[in-house]
Amino acid sequence: MEQITHWINGTLDSTQSARGGDIYNPATGKISKRVAFGDAVTVDRAVDVATAAFSTWRHSSLTKRTQVLFAFRELVQANKEKIAALITAEHGKVLSDAAGEVTRGLEVVEFACGIPHLLKGGFSEEVSTGVDVYSIRQALGPVAIISPFNFPAMVPMWFFPVAIACGNTVIVKPSEKDPSAAMFMAELWKEAGLPDGVFNIVHGDKEVVDALLTHPGIKSISFVGSTPIARYVYETGTKAGKRVQALGGAKNHMVVLPDADLELAADAAINAGFGSAGERCMAISAIVAVEPIASALVARIKSRMARISVGDGTQNVDMGPLVSAVHRDKVASYIGAGVDSGATLVVDGRALDIAGDGFWLGPTLFDNVTPEMSIYKEEIFGPVLSVIRVDTYDEALSLVNSHQYGNGTAIFTNDGGAARRFQNEVEVGMVGINVPIPVPMAYYSFGGWKNSLFGDSHAHGTEGVQFFTRGKVVTSRWLDPSHGGINLGFPQND
Ligand code: NAD
């Protein structure tokens, strides 16, 4: 069986690991690979290498860095289908969705190709006699990126192109459930001409994460995952003196006003609720229907759900399996909890009948969900949509704003004034207007509010550049040659 191991200093690590994890193909339920888990010693080794590489990479010219980034961009583009296949085999999402995630990651690489412009500082001439002030931004050193299972290519790519472009060196700790896409990208970096030691991967679980969080050689932590771990990572990393951005879980509301185009809203609910089996931090999981349209909307969503095909993501289907048996069972238990708490189960995904041992669960729809139910309060992270009925816009807004999460949200309406008011009043980091999954383009920054993000820096865009650099301001005085010193032939003043 293939054994995945760490990537340190531009090569596979040959050290034997005492611990490791199984990687499954979620469509078959079978173990396909094993991954070695590192420990504090592995992290020490990777940090030593990344520290040595930093001393030269930080001095590489912007031209050189840009050339490597452009080459990497071309290689990822050329290998998009291969990366997508690796993602589908370990995550389960359908191939088109996996290719889409690579495309979104590539946008960050393309953004980072503009690093010479992004790193330009400010300059104030003659703030006093002979005195100028200017600002520069410098790399931090070795930085760590810890990523979740649900976007094994895109989420690391939210960070590492910008970090490397800024002159840092990187240690990625991918999800232990689907590490192959990151490993393949390590090879592409090497082929693109990135010097060994600039991009490293250490696999593992809490033990490796803890070692990264407390290692004095690691200068920053970029984490994406569930809220309890994000909070822990933020608290532990900042206590160790590091800058930390820790993106957490979500419960994204889609508010549908009575004047909305219900066909558009129903299509959006299907795509945003069940795409990638709901395992997206920007998935819509709560639909807030402002009466009197709730019944009409539920009917439209229900009829569309009957047409969703579920199966192996390598086939021509709409939705693949969930990532693991444990996660599938957890999501299924939420369906039971919803029924027990009195919500109306309109479509029951547990009834899905597919042969084999894949981690299957069909799309599920609840109506008449209320705010105190666990299926509303908690992140389910599966193909389960809840409809909450309210009577007014104010009630809808108050629901969204009272929720512990504030990652993404959307409003569906044909009233520009209502949409404008919503974007102003809603306490959520990313807002869609007739767009259900408002993931910002790479040149804007990605991140939520409240329990969806700990720290004050969002991912990529200019906030990403700020996060991966430290500012320095230089105040310099150069006396005019006419004021003495070496006589260069200028007329001398007294
Ligand atoms: P997770 O929190 O279980 O794992 C994330 C990372 O943390 C993994 O690399 C994992 O190995 C590590 N980890 C797990 N337990 C740990 C522990 N006790 N101590 C230290 N490290 C630990 O998350 P997941 O299940 O892989 O991913 C799904 C979650 O990620 C969902 O909650 C989803 O909303 C969230 N997510 C958020 C965003 C966002 O942008 N806000 C994006 C993608 C995913």
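Residues numbered from 1 in each chain as written. Predicted model: local features only at pLDDT ≥ 70, side-chain atom pairs only at ≥ 80, totals over all residues. Heavy atoms only, no water.

When its secondary structure is counted, the protein shows 16 helices and 23 strands. Seen along its three principal axes, the alpha-carbon backbone of the protein occupies a region of about 90 × 60 × 40 Å. Here the protein, with 494 residues, has 57% of them falling under the buried criterion. Carbon and sulfur atoms provide 52% of the accessible area of the protein, an area that totals close to 20,100 Å². Of the side chains in the protein, 41 bear a positive and 52 a negative charge, and the two mean positions are spaced by 3 Å. (Helix = DSSP H or I, 4+ residues; strand = E, 2+ residues; numbered from the N terminus. Buried < 20%, exposed > 50% of the residue type's maximum accessible area, 1.4 Å probe, protein only. Areas by Shrake-Rupley, 256 points an atom, 1.4 Å probe, with all protein chains shown as cover. Lys, Arg positive; Asp, Glu negative; His and termini not counted. Charge placed at Lys NZ, Arg CZ, Asp CG, Glu CD.)

For helix H12 (residues 325–340), which comprises 16 residues, the first-to-last C-alpha distance of 23 Å matches the rise-based estimate of 22 Å (1.5 Å per residue) to within 8%. Buried residues along H12 sit in contact with strand E15 (344–347), strand E16 (364–367), helix H13 (374–377) and strand E17 (384–390). Positive backbone phi, at 100°, marks Gly342, one or two positions downstream of H12. (Expected span 1.5 Å × (residues − 1). Contact = heavy atoms within 4.5 Å.)

This part takes up the side chain of Thr88. Tracing the backbone shows Thr88 in helix H3 (residues 80–91). On the basis of relative accessibility, which here comes to 3%, the residue Thr88 falls in the buried class. The contact partners of Thr88, leaving out residues within four places of it in the chain, are Lys93, Val94, Leu95, Ala98, Gly313 and Thr314.

What follows concerns the site of the ligand. Lys173, Glu176, Ser226, Gly248 and Glu379 are the nearest of the 26 residues found near the ligand. In this structure, an oxygen atom belonging to the ligand sits 3.0 Å away from a main-chain N or O atom of Phe149. In this structure, Glu379 approaches the ligand through a side-chain N or O atom, which is 2.6 Å from an oxygen atom. Protein contacts shield 88% of the accessible area of the ligand, which totals 840 Å² for the unbound molecule. Listed by contribution, the elements that provide at least two residues to the shell around the ligand are helix H8 (206–214) and strand E11 (220–224). When its residues are assigned to classes, the shell around the ligand shows 14 nonpolar, eight polar and four charged. For the shell around the ligand, the domains that each give at least three residues are domain 1 (2–248 + 452–475) and domain 2 (252–433). (Near = heavy atom within 4 Å. Polar contact = N/O pair within 3.5 Å; in protein donor to acceptor, adjacent residues only side chain to side chain. Nonpolar A, V, L, I, M, F, W, Y, C, P; charged D, E, K, R; others polar. Domains from an automatic or database assignment.)

Put simply, Glu291 and Pro292 share a cis peptide bond, and its omega is 20°. Its identity as a non-glycine residue notwithstanding, Glu126 has a phi of 55°, on the positive side. Here Glu126 lies in strand E6 (residues 123–128). Here the phi dihedral of Lys450 falls at roughly 55°; this positive angle occurs in a residue that is not glycine. Summarising the element assignment, Lys450 is placed in strand E21 (residues 449–450).

Reading across from one edge, E6-E7-E23 is the order of the three strands in this open sheet, with antiparallel pairing throughout. Edge positions in the sheet fall to E6 and strand E23 (469–477), since each of these pairs with one other strand and no more. Within this sheet the neighbouring strands show an average axis-to-axis angle of 30°, counted without direction. Pairing between strand E7 (residues 131–139) and E23: nine bridges, direction antiparallel. Pairing of Ser135 across the sheet is with Val473, part of E23. (Pairing = 2+ DSSP bridges. Axes fitted to C-alpha atoms, helices over the stretch in contact; angles between N-to-C directions.)

As summarised here, the arrangement of the seven strands in space is E15-E16-E17-E14-E13-E19-E20, forming an open sheet in which the pairing is mixed. A strand with exactly one partner marks an edge of an open sheet, and here the two such strands are E15 and strand E20 (430–433). Averaged over all pairs of adjacent strands, the angle between strand axes in this sheet comes to 20°, irrespective of strand direction. Judged from the five bridges that link them, strand E13 (residues 252–256) and strand E14 (residues 284–290) form a sheet pairing that is parallel. Its bridge partner being in E14, Met254 is matched across the sheet by Ile287.

Moving on: the pairing of strand E8 (residues 142–146). With five of its five residues buried, E8 lies for the most part within the structure. Burial along E8 is two-sided: the residues Pro142, Ala144 and Ile146 and Val143 and Ile145 are all buried. Between the parallel elements E8 and strand E9 (residues 169–173), the chain passes through helix H6 (residues 154–165) in a crossover that is right-handed. (Right-handed = clockwise from strand over helix to strand, strands pointing away.)

Quick look at the domain arrangement of the protein now. Segmenting the protein into domains produces domain 1 (2–248 + 452–475) and domain 2 (252–433). Here domain 1 and domain 2 have C-alpha centroids that lie 31 Å from each other. When domain 1 packs against domain 2, the two sides together hide about 1,800 Å² of surface, and 61% of this comes from carbon and sulfur. Per-residue buried area on domain 1 facing domain 2 is highest for Ala27, Val94 and Ser452; these three make up 26% of the total on that side. Scanning the region where domain 1 abuts domain 2 turns up two salt bridges. In this structure, the salt-bridge partner of Arg280 is Asp97, at a minimum N-O distance of 2.9 Å. Contributions of two or more residues to the side of domain 1 that touches domain 2 are made by H3 and helix H4 (95–112). (Buried area = accessible area lost by both parts, 1.4 Å probe. Salt bridge = Lys/Arg side-chain N within 4 Å of Asp/Glu carboxyl O.)

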